[in-house]
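Architecture at a glance
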Number of protein chains: 2
Amino acid sequence: LTPAMKVPSHRCRWATLPSPNAREAASMYGTAVAIFLVILVAALQGSAPAESPFPYRVPLDPEGTLELSWNVSYRQEVIHFQLLARALRAGLLFGMSDRGQLENADLVVLWTNGNSAYFADAWSDQKGKVHLDAQQDYQLLQAQRTPEGLSLLFKRPFATCDPKDYLIEDDTVHLVYGILEEPFQSLEAINTSGLQTGLQRVQLLKPELPIPNLPSDMPTMEIRVPNVLIPDNETTYWCYMKELQENFPSHHIVKYEAIITKGNEALVHHMEVFQCTDEVHSFPSYSGPCDSKMKPDRLNYCRHVLAAWALGAKPFYYPEEAGVPFGGPGSSRFLRLEVHYHNPRKMQGLRDSSGIRLYYTTRLRRFDAGIMELGLVYTPVMAIPPRERAFVLTGYCTDKCTQVALSPPGIHIFASQLHTHLTGRKVVTVLARDGREREIVNRDNHYSPHFQEIRMLRKTVFVKPGDVLITNCTYNTEERQQATVGGLGIQEEMCVNYVHYYPRTELELCKSAVDAGFLQKYFHMVDRFNDREVCTSPQASVPPQFASVPEQFASVPWNSFSSNVLAALYGYAPISMHCNKSSAVRFQGNWDLQPLPKVISTLEEPTPKCPTGQSPAGPTVVSITGGKS
Amino acid sequence: LTPAMKVPSHRCRWATLPSPNAREAASMYGTAVAIFLVILVAALQGSAPAESPFPYRVPLDPEGTLELSWNVSYRQEVIHFQLLARALRAGLLFGMSDRGQLENADLVVLWTNGNSAYFADAWSDQKGKVHLDAQQDYQLLQAQRTPEGLSLLFKRPFATCDPKDYLIEDDTVHLVYGILEEPFQSLEAINTSGLQTGLQRVQLLKPELPIPNLPSDMPTMEIRVPNVLIPDNETTYWCYMKELQENFPSHHIVKYEAIITKGNEALVHHMEVFQCTDEVHSFPSYSGPCDSKMKPDRLNYCRHVLAAWALGAKPFYYPEEAGVPFGGPGSSRFLRLEVHYHNPRKMQGLRDSSGIRLYYTTRLRRFDAGIMELGLVYTPVMAIPPRERAFVLTGYCTDKCTQVALSPPGIHIFASQLHTHLTGRKVVTVLARDGREREIVNRDNHYSPHFQEIRMLRKTVFVKPGDVLITNCTYNTEERQQATVGGLGIQEEMCVNYVHYYPRTELELCKSAVDAGFLQKYFHMVDRFNDREVCTSPQASVPPQFASVPEQFASVPWNSFSSNVLAALYGYAPISMHCNKSSAVRFQGNWDLQPLPKVISTLEEPTPKCPTGQSPAGPTVVSITGGKS
């Protein structure tokens, strides 16, 4: 008698669902939940699972009753999922969707009709109705009772070529779930709109990089919030200031990892450690919400990212050749820890001491690692019209800037953190050489401003002097009635890729913005098109600079013409470059009225490999007797 | 002993190809062609095939040595192809591609390595190199020797969901072929660039409509060219004038079909019968090239399409309720037949008497059928910038026009002929009601100006007063250096859908163009953006109307900005409507400065159904012994 209920593929029966008549259905209904649970208990009793072969794990719901573990085989292009359901009623939905909605989602469904339990690959339409997939690409491998709950093991290829399936790529994936509280006579009877549902963002396809050699001496430093009471608000950003001892000598950070207080795994959403500027010599201590009026203003000078962790991320290792300078002269002794608590159920009385553990060494590595900002300058001249579904802004790091600022042979980018504010939906940076796109530095087609992590690149990107780095950000402003201008405010927008690289250079910013004079031509054109400024009138000679750019954008009559002409302007007008050593010091050269880099060939989208071979046509009966022998 | 070599799917061996070493390959090479032919002769000798179950047939090459027949199962969403190769050397390629190129094509390949013959589903990359498809969706059913040549029977689903496969829809399909003159050791050794290749355009998915009841009296009239000598030019349009007897009474045309002179099946590309205007009472007779200087100018008044046939088209039946008025008072007695000869091998001395046979009746049907023009007015204000890959122009038939011109309940559109000039690449007409797109009237995503046929719609489209009909045309002007303006000339462009409908109404034209005043704003804007017109200078008040619109377009400095702003203008500016009874008489009302119809919801692309179940992983060995029993 094997304790686990194994469902190897050759034993599965690809059955069509029994369709009981209405009366049978009604009589079944009352006891269905109980039967389902009894079946599971009877069939799946067993011992604790062996040590988990799943390196990645996230809770799906805020209480952590659903927990997902997974591993990735890049060779087979398959993910194995282990879904642990701690208190299952009558089944569940799990899957992926474009932005975390339960409509138009790619799903697996475990459900019961009262008699049998079924597992199927399904999808939901735009109204949330669930349908069976023509091609069954999620394959159930095992259903096992553990002391913690029901554990389902199933696998899915990255790409299935089923048009109803989500294409799993190495960017953010919005995992979705739904809880079935009662039996359903058929899969098609399920609608996601009536269920308790939720989403969790993760990077499923984490790069499999070997752990680099670590130095023999490796002290650690824990930067943790001091036993704080988690506020009963959905969203809290907690700020905590940490001061290093005086005369803390030069080190290299070589690794860091998250420390999560036990029990709070589903609440701690992400954490970042920022270093303060060394131009300010002293910072006050603080532990409290980041948006509190009590927070000292000076903390705004602590913005240089040292470490960042988000749900599901593993320890972060710097490449063997490089480390992040830390301590010593010219390095601030002050650090700011920011912890994002996500508490949608507004649970009270929970205490937390989570934070980040830095591993550093005095045996300095060969290279200092640095961080460079690519994308757009924080300026209102780059704006997004309102009511746009997918408006793209582009920031350039030009060949001229990399030529001046990088020394041969060049730099290695090994990690990247994409950044926008609230309307950002996609971000991508592409490297172009000699006018041809060569390589994607980092891309997230499902980017969320609520899920910003430093991601190791699967392959280090080598940037030579003369290369161009083009960063595209896509925004959704459908909910906004006014233009969204670039800037520092949370209601303004950014388009940034913080790339982590070595050897460190003086180049800190390589960003662009449209030339301000050409933007004035745009405002003139729109005014004139709308007959608000008659060409022969004396007002025409009044310089429009008397209004600020945000004011000018606010007075544009937004319609498809003014929006599309703005997009046309951004795609044509010359740019002003910030090719800067530090935020204010430019490299020598003329950086205004620069031509847009010319790209004569773009990268082709790779064709997804579709799995060949048999695919069952219907749901798998989770056969109870299948587990006994 | 069965004469045919049958390869039912369960008998096929899905083998990987043998990979002989280089020396073996060399020794094989010399005799490979001979062996291959011997094998085929030995294996496939047999009797003539039974009567063809394939209703559609086209020659692929100008000599007609490759001939394709096919049938369509809409229930199974599968096409069965029968490919007849009259003089096969060492194999062939057949398939489909976006616009008839041999690169990026979806292919089946029949080839030999000298020992065995293979059949495989393959694709060619952008350099023409052939690769095996991961998923084998073309399935060989039979290879049979007939007195005419080798006949291959294979099938393919409309949609395969293999990203390397062509999606077969009900629009124009560019069939491609290539001839293998020698053996290849592997599929991957084949490159299409070295082969004799060609293309043929067809509509593969012809609608399966029941043949309507025909009247008991049904005289026919043959309109045929009088035994002409086909010119030895690649392209000839032959014009022939036909005069009906005087006092030819009122009839309804209820059917027509092509008459192709035997032997010329591969040369006669398409034919059209035009009726002349009844405003001109007499036309000279003529039989000669349509572009000849000898052609009387008056023939240009014969433009009203009565019948159109193109390669692969079957007899055309009018719906049972309707017929095309023909003869009687108010109907010209003069017809012009136009035959397009496609003679790329410039063969000499061939004679032809092809034409069209009209079936008509004196028992007039309930409704007259009519033709209405949708799309864009023939005017230079609608222009396409140069160097554009896919520039879209849109023509509207507004709710106001259908409200005024159609009487309740409305009209039934049963056929459609799309029309552009040389740069047209796609055409689609969509019906919108209450601001929502409801139905596609006709769509061709692979439209070619060289393949214009009247297509029966699979489902009649009902148009009510107040409906909107939106026609989009997509143009490719990558080869042009100047703007392409709208107009009658072949170097100018059109965007038209001739819809065939009943009951006939007075509405002949329902077309639009951008308001001319707004276009002048565009020219001003572009001039000003380029600092060619300074706002405060006196020239600003010189009206630009002194230059013609084509001249103004010719002086635009084309770049991404001026092109995109033109597109933005067309997508925003008000339109001028031609809501006309005949080409000059408008319906009463104000048709200028009309707002663009608002569309708040668009049709969703249907998800292709992917076939489930087994798909072999490799090529099929065309097993010789498989045919013997």
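Numbers given to residues run from 1 along each chain, matching the order in which its sequence is written. For this description, chains carry letters from A and ligands carry numbers from 1, given in the order in which they are written. Thresholds applied to this predicted model are a pLDDT of at least 70 for local features of residues and 80 or more for the giving and counting of side-chain atom pairs; totals over whole chains, interfaces and linings are not thresholded and use all residues. Each side-chain value is worked out from all heavy atoms of the structure, with water and hydrogens disregarded.

Labels follow the DSSP assignment, with helices taken as runs of H or I lasting at least four residues and strands as runs of E lasting at least two, numbered in each case from the N terminus. Summing up its helical and strand segments, chain A has five helices and 39 strands in all. Residues counted as buried form 57% of the 629 residues belonging to chain A. Residue contacts are defined here by distance: any two heavy atoms, one from each residue, within 4.5 Å place the two residues in contact. Within chain A, residue pairs in contact and separated by at least 24 positions form 78% of the contacts whose partners lie at least 6 positions apart. With residues, only the protein chains shown are counted as cover, and all accessible areas are computed by Shrake-Rupley using a 1.4 Å probe. With the model as given, the accessible surface of chain A reaches about 27300 Å², and the carbon-plus-sulfur share is 50%. Partly exposed residues are those whose accessible area sits between 20% and 50% of the maximum for their type, while under 20% is buried and over 50% is exposed, using a 1.4 Å probe and protein chains only.

Another point: the state of the cysteines. Residues and elements named next belong to chain A. A pair of sulfur atoms, both from cysteines and within 2.5 Å, is called a disulfide here. Evaluation of the coordinates by the stated rule reveals ten disulfides over all chains. The partner cysteine of Cys276 in its disulfide is Cys302, sulfur to sulfur 2.0 Å. Between Cys276 and Cys302 the sulfur-sulfur dihedral comes to about 95 degrees; the bridge is accordingly right-handed. One end of the pair, Cys276, is in the loop between strand E17 (268–275) and strand E18 (287–289); the other, Cys302, is in the loop between E18 and strand E19 (304–310), with 26 residues separating them in the sequence.

All names here are of chain B. Residue Pro408 is joined to Pro409 through a cis peptide bond whose omega torsion reads 0 degrees. Tracing the backbone shows Pro409 in the loop between helix H2 (399–405) and strand E29 (411–419). A cis geometry characterises the amide bond from Tyr502 onward to Pro503, with omega recorded as -10 degrees. Looking at the element boundaries, Pro503 is found in the loop between strand E35 (496–502) and strand E36 (509–514). Positioned with a positive phi, Lys346 is a non-glycine residue whose angle comes to about 50 degrees. Among the structural elements, Lys346 can be located in the loop between strand E22 (334–342) and strand E23 (351–352). Of note, Asp434 is a non-glycine position whose phi angle comes to about 55 degrees, a positive value.

Residue and element names in this part refer to chain B. What counts as a salt bridge is simple: a side-chain nitrogen of Lys or Arg found within 4 Å of a carboxyl oxygen of Asp or Glu. This model, assessed by the stated rule, comprises 46 salt bridges over all chains. A salt bridge links Arg57 to Glu67, with the nearest nitrogen and oxygen atoms 3.7 Å apart. Of this pair, Arg57 sits in strand E2 (residues 56–59) while Glu67 sits in strand E3 (residues 66–73), and the two are ten residues apart along the sequence. One salt bridge connects Arg504 with Asp368, and the closest N-O pair in it is separated by 3.6 Å. Here Arg504, found in the loop between E35 and E36, pairs with Asp368, found in strand E25 (residues 367–368); they are 136 residues apart in sequence, far enough to count as distant.

This paragraph deals with the UniProt feature "domain: DOMON" (unreviewed entry) in chain A. UniProt positions are given in the numbering used here, feature names are shortened, and annotations may be inferred rather than shown by experiment. UniProt annotation of "domain: DOMON" (unreviewed entry) refers to residues 64–180 of chain A when read in the numbering used here. Helix makes up 0% of residues 64–180 of chain A and strand 56%, and the two end C-alpha atoms of the span are 17 Å apart.

Here we take up the domain arrangement of chain A. Residues and elements named next belong to chain A. Here the domain parsing of chain A yields domain 1 (56–206), domain 2 (214–367) and domain 3 (369–532 + 546–602). Note that the domain bounds were set by an automatic or database domain assignment. Distance between the C-alpha centres of domain 1 and domain 3: 37 Å. Listed by partner, the interface residues are 13 residues for domain 1 and 13 residues for domain 3. Regarding the contact of domain 1 and domain 3, the summed buried area is about 1100 Å², with carbon and sulfur atoms giving 42% of it. A simple way to read buried area is as the amount of 1.4 Å-probe accessible surface that goes missing from two parts once joined, with both sides added.

A word on the packing of aromatic side chains. The pairing test for Phe, Tyr and Trp rings, Trp by its six-membered ring, is centres within 6.5 Å, and the orientation test on the planes gives stacked under 30 degrees, edge-to-face over 60, and tilted for anything in between. Scanning the model with the defined rule gives 50 aromatic pairs over all chains in all. Ring geometry for Phe529 of chain A versus Tyr572 of chain B: centroids 6.0 Å apart, planes at 50 degrees, classification tilted. Of this pair, Phe529 of chain A sits in helix H3 (residues 516–529) while Tyr572 of chain B sits in the loop between helix H5 (560–570) and strand E37 (575–582), placing the two residues on different chains. The buried category is assigned to Phe529 of chain A, whose relative accessible area is 4%. For Tyr572 of chain B, a relative accessible area of 28% puts it in the partly exposed group.

All names here are of chain B. Looking at the secondary structure, you find Thr172 in strand E11 (residues 172–179). Polar contacts involving the side chain of Thr172 include one to the side chain of Arg455, which spans 2.8 Å. Non-local contacts of Thr172, meaning those with residues more than four positions away in its chain, are made with Tyr166, Arg201, Val202, Asp444, His446, Tyr447, Phe451 and Arg455. The term polar contact refers here to a pair of N or O atoms within 3.5 Å; inside protein, the definition further demands a hydrogen-donor-capable atom paired with an acceptor-capable atom, and it admits residues adjacent in sequence only when both atoms are side-chain atoms.

Here we come to the packing of H3 of chain A against helix H5 (residues 560–570) of chain A. All names here are of chain A. Relative to each other, H3 and H5 sit at 155 degrees, their axes nearing to 11 Å. With respect to H5, the element H3 is oriented roughly antiparallel. In this structure, the crossing between H3 and H5 has a hand that is right-handed. Together, Phe518, Leu519, Tyr522, Met525, Val526 and Phe529 of H3 and Phe561, Ser562, Ser563, Val565, Leu566 and Leu569 of H5 make up the contact between the two elements. Partitioning the contact of H3 with H5 into residue classes produces ten nonpolar, two polar and no charged. Lines fitted to C-alpha atoms define the axes here, with helix axes fitted over just the stretch in contact, and angles between the N-to-C directions of these axes take values from 0 to 180 degrees. Each angle receives one of four descriptions, namely roughly parallel if under 35 degrees, roughly antiparallel if over 145, roughly perpendicular if within 65 to 115, and oblique otherwise. The sense of a crossing depends on the near helix, which, turned anticlockwise from the far helix by less than a right angle, makes the crossing left-handed and, turned clockwise, makes it right-handed. Three classes are used, and their members are as follows: Ala, Val, Leu, Ile, Met, Phe, Trp, Tyr, Cys and Pro are nonpolar, Asp, Glu, Lys and Arg are charged, and the others, Gly among them, are polar.

Further remarks concern H3 of chain A. A helix is expected to span 1.5 Å for every residue after the first. Between the first and last C-alpha of H3 of chain A there are 20 Å, a value that for 14 residues agrees with the 20 Å anticipated at 1.5 Å per step. Most of H3 of chain A is tucked away, with eleven of its 14 residues classed as buried. Turning to H3 of chain A, the residues buried within the fold contact strand E36 (509–514), helix H4 (549–554) and H5 of chain A together with helix H3 (516–529) and H5 of chain B. One or two positions beyond H3 of chain A, positive phi appears at Asp531 of chain A, with a value near 60 degrees.

Looking now at the pairing of strand E9 (residues 139–146) of chain B. Residues and elements named next belong to chain B. With seven bridges joining them, E9 and strand E10 (residues 149–157) adopt antiparallel strand pairing. By the bridge assignment, Gln142 is partnered in E10 with Leu153. Strands qualify as paired when DSSP identifies two bridges or more between them. Adjacent in sequence and paired antiparallel, E9 and E10 are bridged by two residues.

All names here are of chain A. Ordered by their spatial adjacency, five strands build an open sheet running E18-E15-E22-E17-E19, and the pairing between neighbours is antiparallel. At either end of the open sheet lies a strand with only one pairing partner, and these are E18 and E19. Shown here is a sheet whose adjacent strand axes are inclined to one another by a mean of 20 degrees, direction ignored. As paired strands, E17 and E19 are joined by six bridges and run antiparallel to one another. Considered in E19, the bridge of His270 is made with Ala310.

Before going further, it helps to examine the sheet that holds E36 of chain A. Picture the strands of a sheet paired through backbone hydrogen bonds; they go either parallel or antiparallel. Residues and elements named next belong to chain A. Read across the open sheet, the seven strands follow the order E32-E29-E35-E26-E36-E37-E38; overall the sheet is mixed. Across the chains shown, the open sheet's two edge strands, defined by having one partner strand only, are strand E32 (455–463) and strand E38 (585–586). Two elements, strand E37 (residues 575–582) and E38, share two bridges in a ladder whose sense is antiparallel. Counterpart to Ser582 in the pairing with E38 is Val585.

Here the focus is the confidence of the model for chain A. Residue and element names in this part refer to chain A. For every residue, the predictor reports its confidence as pLDDT, a number between 0 and 100. Per-residue confidence for chain A averages 86 on the pLDDT scale, and 86% of its residues sit at or above 70. Low pLDDT, under 50, characterises residues 1–51; the predicted model gives this stretch 93 contacts beyond four residues in sequence or across chains. Across residues 533–542 the pLDDT falls below 50, and counting only partners more than four positions away or on other chains, this stretch makes eleven contacts in the model. For this predicted complex, the interface confidence comes out at an ipTM of 0.83, alongside a pTM of 0.85.

Residue and element names in this part refer to chain B. Mapped onto the fold, Trp558 is located in the loop between helix H4 (549–554) and H5. The class for Trp558 is buried, based on a relative accessible area of 11%. Distance from Trp558 to His80, taken between C-alpha atoms, is 48 Å for residues 478 residues apart in sequence. Those residues within four positions of Trp558 in sequence are excluded, and the remaining contacts are Pro385, Pro386, Arg387, Ala483, Tyr522, Phe553, Ser563 and Leu566. Engagement of the side chain of Trp558 in a polar contact is seen with the backbone oxygen of Phe553, the distance being 3.5 Å.

All right, on to the packing of H3 of chain A against H3 of chain B then. The contact between H3 of chain A and H3 of chain B brings their axes to 11 Å, and the two run at 160 degrees. In terms of their interaxial angle, H3 of chain A and H3 of chain B are classed as roughly antiparallel. Relative to H3 of chain B, H3 of chain A is oriented so that their crossing is right-handed. On H3 of chain B, the residues touching Phe518, Lys521, His524, Met525, Arg528 and Phe529 of chain A of H3 of chain A are Phe518, Lys521, His524, Met525, Arg528 and Phe529 of chain B. Partitioning the contact of H3 of chain A with H3 of chain B into residue classes produces six nonpolar, two polar and four charged.

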